[in-house]
Structures are given as C-alpha cells and as structure tokens.
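Residues per chain, in single letters:
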Amino acid sequence: MKTCDEMVNSLLKRREQFLLEQKKRRTVAKITAAGGCCLMAAIIGAGIWNSGMLREKGTMISDNSYAISNNPFPVNSEPVENLVPPVLDRSSVIWAESGVEDNVGIIVIAEEGALKEFGGKTVTKTLFEAFKEHGDDSVFAVAVFYFSFGQEEKDFIYNGKTLAEYDEDALEKCLRSMDLSYIRNNAEYLKYGREYYITNTVKIDGIPWTKYDYDHAVELVGEEFISKYFVDGEFLEDEFTSVYDKAREEYQNSEDAYRQAYSAWKTSRLEKETERLTSLGINCELRNSPDSFVMFVTKDEFAALAFDNSGNWFFGLAQENKRDVIGSFIDE
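Residues numbered from 1 in each chain as written. Predicted model: local features only at pLDDT ≥ 70, side-chain atom pairs only at ≥ 80, totals over all residues. Heavy atoms only, no water.

### Looking at the side chain of T298
As a reminder, the rule being used: Secondary structure elements are defined from DSSP: runs of H or I of at least 4 residues count as helices, runs of E of at least 2 residues count as strands, and each element is numbered from the N terminus. Each residue is assigned to one of three classes by its accessible area relative to the maximum for its type, calculated with a 1.4 Å probe on protein chains only: buried under 20%, partly exposed between the two thresholds, exposed over 50%. By definition, residues are in contact when any of their heavy atoms lie within 4.5 Å.
Within the element layout of this structure, T298 appears in the loop between β13 (292-297) and α12 (299-304). What makes T298 buried here is its relative accessible area of 14%. Residues contacting T298, with those up to four places away along its chain left out, are D136, D137, S138, V139 and F140.

Written as structure tokens, this is what we have:
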C-alpha cells in the first residue's frame, strides 16, 4: 500500500514524465520537422562526437595530409569577390553507391570509427573512405547536413509569426491537453470532491487517497478544471470527452504549425549556405528536403572550407537519385 508521500510523488512523476516526453518529441521534431520520421540516432552520434568519446578510444582518424598550404578560401570562408562556379561535369562526379546510406548513430556506439575527422570536420565513414580511394582531382558529391540542436533563430518569421511564437503556442496547447489527460486518468480519485476527504479516506484498488492528495492534485491541474467536470460526485464524462478531443486536435494542429515553421527556417538556413558557397566558386544543389543539400568539391576544397558553428555540420557522400539520410530512421 502506498503512503501519502508516495502518492504525491507518483502524481508529480506523472506530470513530469509527460512534460519530458513532450520535450523529447519536440527535440525530434526540430531535427526533421517535415519528414514524419526522426533522426534520433544522429543526435546520439553527435553527442558521442562532441563528448570526445571516439577520440579517447583512439578510433578518430585525423588526416591532415589533404590540408592545403595555399588555401583558396579565406579562413572564415566568406567571399572576397563573387566567383562563378566552374561548369560541372556530372558524369565524373563521385557519388555513393546505390543503396548505401551513411548510417550514423546506433552504429557509432556499436561500431568504432563510424564517424571520422577530415579537414577539421565531422564526416561519415563512407565519405572518408571515398576521399582515400580517389585522386586529388576527383569531384565528390558531398551531402551537407545541418542540425540546430536548439540553436534555431527564434525570431524567424513564417506566415506572420515568429518561430518562438509557434513554439510558445504549441507548448500552451500541450499543457492544456496534459491537464485534461490528468483529469481523465484520475477521474475516480477526483469525483468525490475536497469536502469528502475531510472526513473520509477513499481507497481505489487498495490505494488510499486523502485530502492531502486531493489538494495536491488541484494544485497541479487547477480548481477550475476539476470543478467544471465533477458535479455532485459525478464525472461529466461526455462533456469532458468532447473538450478533451478538441484540445488534443488543437495541440496537434499547433505542433504541425510549428513543424512547418521550423522546416521553413531550416530550408532558409540551407539556402543561405548554398548562396555563400556558390559565391566562393563551389557548385551546390538544393534538394527537395529540409535536411541537406549537396556540394561538389575536391577533397582539397572540402578541407579548406570553414563553416560557422562547425559542430552543427555533418558531411556524407550523397546519393545521386535519392534523398540523403544520416542516422537510422525510427518512427515518432
């Protein structure tokens, strides 16, 4: 039998767990807002990389032999003048073999060396091996991935609202839906009302609920919610269900709106980067994806390039006729 304190802790944990799950879902949504799938594995891989775990194990291969003494780009890779990228001979471009994906993530944990360092950048094993295999004059189709890791531009405007406003609205709808879920899940405990608990202790499935427990539940979800759906010891379930379903729908709509806004920001971020690289004389290609773009570079050109927030950028070998992925897809 649970004690009073155990019941209170249980209530707190339910709410905290719900918030934690929403936070996790939001993190996943930010990584690939438009896709319907998530790249959780990529976060795991990034976390391991940034922690230095692979370096400590001695599995990180740092190959500076491709560094260029006469760097054709400024240190910060900002254009000095507008260069015109050379005509690209696509027939000679090095692409990833069909069916080969740069799976980073769970593999990073299970298989040492899944991520490499090349020219001070994080690259996948597939791209690293391609650099080693082909000559200095070869042109590679490099898939460029950017993960914000919570550093997105909050003031980015999409359809008249900032990304921060979309985020706040989704959170507000989430909290309302969460409170209604709490009421639904604890209706048997709440329907007796506060006055009943002054002189009685209710046991449901052998677990006691006291006035202390009831007051704490009211503190969590609010007196207004409870008094609205519990009248004279009865739970107005039909009325409540209608409101609950509507709240869930509003929450989902606000979450979808946030994802669309985030996807628009991510696309604009990649567009700006392709414009910057193009002005440096690098051929780039945007794809129908908010996750990545492709740049066509030699290994020396790749080594010489620099990127702001370098820890947010990952590089793999692109596939010619397929959307590029980095990480293992799992359903949300």
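Structure shown, so let's carry the discussion forward.
### Section: helix α5 (residues 125-133)
Keep this limit in mind: Here the arc refers to the set of directions running from the helix axis out to each C-beta atom.
Buried within α5 we find L127, F128, A130 and F131. Considered in projection along α5, the buried side chains sweep an arc of 160° and stay on one side of the axis.

### As for the layout of surface pockets
Note the cut-off: Cavities and pockets are found on a 1 Å grid laid over the protein atoms alone: a cavity is a set of points where a 1.4 Å probe fits but cannot escape, a pocket is an open set with protein on both sides within 12 Å along at least five of seven lines, and a lining residue has an atom within 4 Å of such a point. Grid points are joined across faces, edges and corners, and a volume is the space filled by probe spheres set on the points. Three classes are used, and their members are as follows: Ala, Val, Leu, Ile, Met, Phe, Trp, Tyr, Cys and Pro are nonpolar, Asp, Glu, Lys and Arg are charged, and the others, Gly among them, are polar.
In this structure, the second largest pocket encloses a volume near 170 Å³. Lining the second largest pocket are 11 residues, with W95, E97, A130, E133 and L317 sitting closest to its centre. Per-element accounting of the lining of the second largest pocket gives the leading share, four residues, to α5. Each residue belonging to the lining of the second largest pocket can be placed in one class, and the counts come to six nonpolar, two polar and three charged.

### What to know about helix α9 (residues 211-221)
An α-helix turns once per 3.6 residues; consequently, residues spaced three or four apart project the same way. For α9, the complete set of buried residues consists of D213, Y214, H216, A217, V218, L220 and V221. Directly after α9, the chain includes G222, whose backbone phi takes a positive value near 100°.

### A look at the packing of helix α6 (residues 163-185) against helix α11 (residues 237-279)
Note the cut-off: Fitted lines through C-alpha atoms give the axes, limited to the stretch in contact for helices. The angle between two N-to-C directions lies from 0 to 180 degrees. When an angle is under 35 degrees it counts as roughly parallel; over 145 it counts as roughly antiparallel; between 65 and 115 it counts as roughly perpendicular; any other value is oblique. We call a crossing left-handed when the near helix sits turned anticlockwise from the far one by less than a right angle, and right-handed when that turn is clockwise.
Axis separation between α6 and α11 bottoms out at 8 Å; the angle between their running directions is 155°. Classified by the angle between their axes, α6 and α11 sit roughly antiparallel to one another. When you trace α6 past α11, the crossing you get is left-handed. A per-class count over the contact of α6 with α11 returns 15 nonpolar, three polar and eight charged.

### Things to note about the packing of aromatic side chains
Put simply, the test is: Classification of ring pairs rests on two measures: the distance between centres of Phe, Tyr or Trp rings, Trp counted by its six-membered ring, which must be within 6.5 Å, and the angle between planes, read as stacked under 30 degrees, edge-to-face over 60 and tilted in between. Look at NZ for Lys and CZ for Arg. If either is within 6 Å of the ring centre and within 35 degrees of the ring normal, a charge sits over the ring.
Scanning the model with the defined rule gives 19 aromatic pairs in all. Plain terms: the ring middles of F302 and F315 are 5.1 Å apart, the flat faces sit at 85° to each other, and that makes the pair edge-to-face. Here F315 lies in strand β14 (residues 313-317) and F302 lies in helix α12, a separation of 13 residues in the sequence. Taking relative accessible area as the criterion, F302 reaches 0% and is therefore assigned buried. Judged by its relative accessible area of 1%, F315 falls in the buried class. The interplanar angle of 55° and the centroid separation of 5.2 Å between the aromatic rings of F307 and F315 together place this pair among those described as tilted. Since its relative accessible area comes to 9%, F307 is described here as buried. The rings of F118, F128, F131, F140, Y146, Y258, Y262, W265, F302, F307, W313 and F315 are connected pair by pair, giving a single aromatic cluster. Directly above the ring of F302 sits K121, whose terminal nitrogen or CZ lies 4.9 Å from the centroid. Its end group placed over the ring of Y146, R269 keeps NZ or CZ at 4.8 Å from the ring centre.

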